[in-house]
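Residue strings, one per chain:
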Amino acid sequence: MTQTHSLTASDLERLQEAAKFVLAKLDQNLSRFTELFPAPASEGLVYPAIVNEDWTASFYTGMLWLAYELTGEVRYREAAECQLPSYKRRVEERIAIQTHDLGFLYSLSAVASYRVTGGKEARDMALKAAELLAERYFPAAGIIQAWGDLDDPEQCGRMIIDCLMNLPLLYWASEETDDARYADMARSHVKQSAAYLVRPDHTSYHTYYMDVLSGAPKYGNTHQGYADDSCWARGQAWGIYGFMLSYAYTKDESLIGVSKSLADYFLSRLPEDGIVYWDLIFTEGIEQERDSSAAAIACCGLLELAKQLPVDDPDKQHYYNAALSMLSSLAKRYTTKDYPHSNGVLMHAVYNKPRGMGIDECTIWGDYFYFEALARLMTDWRLYW
Ligand code: GLY
């Protein structure tokens, strides 16, 4: 199935309108974010400008690459390229690199740049980032530690579902260098994620601790969800998409089954307008916030499922339609179109409710995945992941 086969002319027109809105927001931001980046979440729907030290810088850079690819307009490419030195500095001077989010950071900036323009400097910095990410791997446990110093007792051996999105940097590094070490780590991590982060009822833990010496599983808990035994909506969305990204590299069929099971649970928890609450424990009518960013990530995951499933799979069209319907709801009800002062795109996201951060705001990854989903539907976009 090519990406556009199921689109009617009016669907396509609506998607083009939605993409135009994102491009207009980027134009509004071009002079504000050059060496500085949007903060992870807006404040009063406006992103403050921050240095490249958080986990989220690359979502803005990735949007610039998407904009360049969609329009061919050089100003977007120049804006993306003007940010690359800060990624180079970060990886060379080891600034705020004690995180698995090196995958997010370098896939959407340096790998994207290399894929779009073939620039060697971008390739080199992405390979350095992959090396730093590989330092976080614990062989006995077969996992990459998510956060903090490797000897921090609170974080030691903790894997989190978000990390699935960081594995493509490792697969890519193996393809580029012919060194299987990186992909072997990613393969092991994705298997451990399927075994321990996904529960038998197809919900997911946000985080899970492994004993890094014996490799034994310890216990799961949450960081951003409602409760240790609930299902954080964005985590489930990272899982839907992340398992499929590993499938794209490994062709391990079992990963399709895992992604499907997470997708089916996610879709079974949608309220009427199709946009999930921030934790899937909540359903229609509850006084809790939505997380539009979880919906945008899930759209991309569902579209990847629809792309990879064989033509005779009965769910192929179902996932495509579900993504299209969620995306239409986001475009219709969740953008900042009535808030011209906002420099964000998608409102009604939640960053970290338990810690009171970015509640009912725009999030820069929500904006990125919304734009990626539009690009996926309108073009034969080649992944940066
Ligand atoms: N990866 C962090 C988050 O989703 O908030």
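Each value, and the rule that gives it
Residues numbered from 1 in each chain as written. Predicted model: local features only at pLDDT ≥ 70, side-chain atom pairs only at ≥ 80, totals over all residues. Heavy atoms only, no water. Pairing = 2+ DSSP bridges. Helix = DSSP H or I, 4+ residues; strand = E, 2+ residues; numbered from the N terminus. Axes fitted to C-alpha atoms, helices over the stretch in contact; angles between N-to-C directions. Salt bridge = Lys/Arg side-chain N within 4 Å of Asp/Glu carboxyl O. Buried < 20%, exposed > 50% of the residue type's maximum accessible area, 1.4 Å probe, protein only. Contact = heavy atoms within 4.5 Å. Parallel < 35°, antiparallel > 145°, perpendicular 65-115°, else oblique. Left-handed = near helix turned anticlockwise from the far one by under 90°. Nonpolar A, V, L, I, M, F, W, Y, C, P; charged D, E, K, R; others polar. Expected span 1.5 Å × (residues − 1). Near = heavy atom within 4 Å. Polar contact = N/O pair within 3.5 Å; in protein donor to acceptor, adjacent residues only side chain to side chain. Areas by Shrake-Rupley, 256 points an atom, 1.4 Å probe, with all protein chains shown as cover.

Trainee: Even after reading the chapter, I still don't get the pairing of strand S7 (residues 217–221), so can you show me in this structure?
Mentor: Within a regular strand, the side chains alternate between the two sheet faces. In this structure, strand S6 (residues 207–210) lies alongside S7, joined through four bridges in antiparallel fashion. Within the sheet, the bridge partner assigned to Thr207 lies in S7 and is Asn221. The turn linking S6 back onto S7 is made up of six residues, and Gly215 within it adopts a positive phi angle of 85°.

Trainee: Whenever I open this one, the sheet that holds S7 confuses me. Can you help?
Mentor: In sheet architecture, strand pairing relies on hydrogen bonds along the backbone and comes in two forms, parallel and antiparallel. Judged by pairing direction, the sheet is antiparallel, and its three strands sit side by side in the order S5-S6-S7 without closing on themselves. With one partner strand each, in any of the chains shown, strand S5 (158–160) and S7 form the two edges of the open sheet. Averaged over all neighbouring strand pairs, the angle between strand axes comes to 25°, with direction disregarded. Pairing of S5 with S6, which is carried by three bridges, proceeds in the antiparallel orientation. In the strand pairing of S6, Met159 is matched with Tyr208.

Trainee: Please clarify how the pattern of salt bridges should be interpreted in this entry.
Mentor: Close approach of charged atoms allows side chains of opposite charge to pair. Enumeration over the complete set of coordinates arrives at 22 salt bridges. Salt-bridge contacts for Lys128 lead to Glu92; the nearest nitrogen and oxygen are separated by 3.7 Å. Note that Lys128 is positioned in helix H5 (residues 120–134) and Glu92 in helix H3 (residues 74–92), a separation of 36 residues in sequence. Owing to a relative accessible area of 39%, Lys128 belongs among the partly exposed residues under this scheme. On the basis of relative accessible area, Glu92 is assigned to the partly exposed category, the value being 43%. Salt-bridge contacts for Arg123 lead to Asp124; the nearest nitrogen and oxygen are separated by 3.8 Å.

Trainee: Just checking my understanding: could you explain the environment of Ser86 for this structure?
Mentor: Considering the arrangement of structural elements, one finds Ser86 in helix H3. Taking the relative accessible area as the measure of exposure, Ser86 reaches 10% and is therefore buried. For the pair formed by Ser86 and Asp229, sequence separation is 143 residues and the distance between their alpha carbons is 39 Å. When sequence neighbours within four positions are dropped, the list of residues in contact with Ser86 reads Phe37 and Asn52.

Trainee: When you look at the packing of helix H1 (residues 9–29) against helix H2 (residues 57–71) in this model, what are you seeing that I'm missing?
Mentor: Two measures define how a pair of helices packs: the angle their axes make with one another and the distance between the axes. Running from N to C, H1 and H2 point in directions that differ by 120°, and their axes come no closer than 11 Å. As summarised for this structure, H1 and H2 are arranged oblique, according to the angle between their axes. Note that H1 runs across H2; the crossing there is left-handed. Contacts from Val22, Leu23, Leu26 and Asn29 in H1 reach Tyr60, Met63, Leu64, Ala67 and Thr71 in H2. When grouped by side-chain class, the residues that make up the contact of H1 with H2 number seven nonpolar, two polar and no charged.

Trainee: In this structure, what is going on with H2? I would like to understand it.
Mentor: An α-helical segment advances 3.6 residues per turn. Residues three or four places apart therefore align on the same side. For H2, built from 15 residues, the straight-helix expectation of 21 Å at 1.5 Å per residue is met to within 8% by its first-to-last C-alpha distance of 22 Å. For H2, the full list of buried residues reads Ala57, Ser58, Phe59, Tyr60, Thr61, Gly62, Met63, Leu64, Trp65, Leu66, Ala67 and Tyr68. Next to the buried residues of H2 lie H1, strand S1 (37–38), H3, helix H4 (102–117) and helix H12 (364–378). Gly72 occupies a position one or two residues after H2 and carries a positive phi of about 75°.

Trainee: Explain the site of the ligand here, please?
Mentor: Neighbouring the ligand are Trp55, Asp162, Gln224, Trp232, Arg234, Trp238 and Tyr351. Between the ligand and Trp238, the relevant distance is 3.0 Å, taken from an oxygen atom to a side-chain nitrogen or oxygen of the residue. Contact with the protein chains removes 96% of the 200 Å² of surface that the ligand exposes when unbound. Counted by class, the shell around the ligand contains four nonpolar, one polar and two charged residues.

Trainee: Help me out: how do you make sense of the side chain of Thr335 in this one?
Mentor: Of note, Thr335 is situated in the loop between helix H11 (315–333) and strand S8 (349–352). Residue classification places Thr335 among the buried positions, given a relative accessible area of 8%. Thr335 has contacts with Phe21, Leu330, Val345, Leu346, Met347 and Tyr370, leaving out every residue within four places of it along the chain.

Trainee: I keep staring at the packing of H1 against H12 and nothing clicks. Help me out?
Mentor: Their axes nearest at 10 Å, the elements H1 and H12 cross at an angle of 140°. When the interaxial angle is binned, H1 and H12 end up oblique. The crossing of H1 and H12 is left-handed. Two secondary-structure elements touch here, H1 through Leu12, Leu15, Gln16, Ala18, Ala19, Val22, Leu23 and Leu26 and H12 through Tyr370, Phe371, Leu374, Leu377 and Met378. In terms of residue class, the contact of H1 with H12 is built from twelve nonpolar, one polar and no charged.

Trainee: Teacher, can you tell me more about helix H6 (residues 167–177) here?
Mentor: Within H6, eight of the eleven residues are buried, which leaves it mostly tucked inside the rest of the structure. For H6, the full list of buried residues reads Leu167, Pro168, Leu169, Leu170, Tyr171, Trp172, Ala173 and Ser174. Against the buried residues of H6 lie H4, H5, strand S4 (143–144), helix H7 (181–197) and helix H8 (233–250). Positive phi shows up at Asp178, right after H6, with a value of about 65°.

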